[in-house]
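Working through the structure, step by step
For reference, the chains in residue letters:
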Amino acid sequence: GAGVSQSPSNKVTEKGKDVELRCDPISGHTALYWYRQRLGQGLEFLIYFQGNSAPDKSGLPSDRFSAERTGESVSTLTIQRTQQEDSAVYLCASSTPPTNEKLFFGSGTQLSVL
Amino acid sequence: GENVEQHPSTLSVQEGDSAVIKCTYSDSASNYFPWYKQELGKGPQLIIDIRSNVGEKKDQRIAVTLNKTAKHFSLHITETQPEDSAVYFCAAILPGGTSYGKLTFGQGTILTVHP
């Protein structure tokens, strides 16, 4: 596609529920990332995919967070048993060699846990 | 790990003035420093970047300077326009992350350009 697409744009959930956030990267981009942006803060790295593998998942804050990527395209970030501190904007980005460090971000999913 | 500090947190200027945002980083091994602009309701967009083997880079009204010795880099916007109003983030590549986009971001600067 023309850009990175994320859905839903907004998600309100109750504490303890599971949520799934979706990311469609730019077509042909082999690398995909998830970042989290808390209100008034910078972005925090969560996980990096190269193809369908995740060689770096060091930023996932707890085992309630998981992500997968299929078909070297769509990725889903799942948060189980959501907590209020999970409220944030979750941003997906993609990139491609030879400039893998240049990220193209989606508009994010605003997650609110009540 | 890497730590990036960004100042100021807010910056207000008159249209036509210059704006400067500064960042410091902690790990001397970092070698790539991008700047992102984030408009309301949108994701961050890369506006300029610099590598550690370069001291300065310009792109029209935007420039970035890097001082490796002092471990700081700055964004300079000249002849500011109202459409430059946004949140600006600096970032640095974590050591070992030079082959992919694992960035450490600063806290952001809210730039407001008054007409």
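Attention in this report is confined to the structure presented alongside it. Predicted, not measured: the structure shown is a model, and the values here were computed from it.

Topic: the overall build of chain A
The helix and strand tally for chain A stands at zero helices and eleven strands. Along chain A, helices (α) and strands (β) appear in the sequence β-β-β-β-β-β-β-β-β-β-β when read from the amino end. Its C-alpha radius of gyration of 13 Å places chain A within 12% of the 13 Å reference for a compact globule of 114 residues. Along the first, second and third principal axes, the C-alpha set of chain A runs to 40 × 25 × 25 Å. Considering chain A as a whole, with its 114 residues, one finds that 47% of them fall into the buried category. In the structure as shown, chain A presents an accessible area of about 5,300 Å², 46% of it carried by carbon and sulfur atoms.

A short note on the layout of surface pockets
Space inside the largest pocket adds up to approximately 630 Å³. Lining the largest pocket are 29 residues; nearest its centre among them are A:Gln37, A:Leu39, A:Val89, B:Gln38 and B:Leu40. If one sorts the elements of the lining of the largest pocket by residue count, strand β9 (residues 86–93) of chain B sits on top with three residues. Partitioning the lining of the largest pocket into residue classes produces eight nonpolar, 18 polar and three charged. In this structure, the second largest pocket encloses a volume near 300 Å³. Surrounding the second largest pocket, 17 residues form its lining, A:Leu43, A:Glu44, A:Phe45, B:Thr104 and B:Phe105 being those nearest its centre.

Some words on the side chain of A:Thr109
All names here are of chain A. Looking at where threonine 109 falls in the secondary structure, it is placed in strand β11 (residues 109–113). Polar contacts involving the side chain of threonine 109 include one to the main-chain carbonyl oxygen of proline 8, which spans 2.5 Å. When near neighbours in sequence (up to four residues on either side) are disregarded, threonine 109 contacts Gln6, Ser7, Pro8, Ser9, Lys11, Leu21, Ala88, Val89 and Tyr90.

A word on unusual backbone geometry
Here the bond from A:Ser7 into A:Pro8 is cis, since omega is -5°, no more than 30 degrees from zero. With respect to the secondary-structure elements, A:Pro8 resides in the loop between β1 (5–7) and β2 (10–13). In the segment running from B:His7 into B:Pro8, the intervening peptide bond is cis, with an omega of -5°. By secondary structure assignment, the location of B:Pro8 is in the loop between β1 (4–7) and β2 (10–14). If you check the backbone angles, A:Glu72 has positive phi at about 50° while not being a glycine. Along the chain, A:Glu72 turns up in the loop between β7 (65–69) and β8 (75–79).

Reading guide: rules and limits
Residues numbered from 1 in each chain as written. Chains lettered and ligands numbered in written order. Predicted model: local features only at pLDDT ≥ 70, side-chain atom pairs only at ≥ 80, totals over all residues. Heavy atoms only, no water. Helix = DSSP H or I, 4+ residues; strand = E, 2+ residues; numbered from the N terminus. Rg over C-alpha atoms; globule rule 2.2 N^0.38 Å. Buried < 20%, exposed > 50% of the residue type's maximum accessible area, 1.4 Å probe, protein only. Areas by Shrake-Rupley, 256 points an atom, 1.4 Å probe, with all protein chains shown as cover. 1 Å grid on protein atoms, 1.4 Å probe; cavity = no way out; pocket = protein on both sides within 12 Å on 5 of 7 lines; lining within 4 Å. Points joined across faces, edges and corners; volume = space filled by probe spheres on them. Nonpolar A, V, L, I, M, F, W, Y, C, P; charged D, E, K, R; others polar. Polar contact = N/O pair within 3.5 Å; in protein donor to acceptor, adjacent residues only side chain to side chain. Contact = heavy atoms within 4.5 Å.

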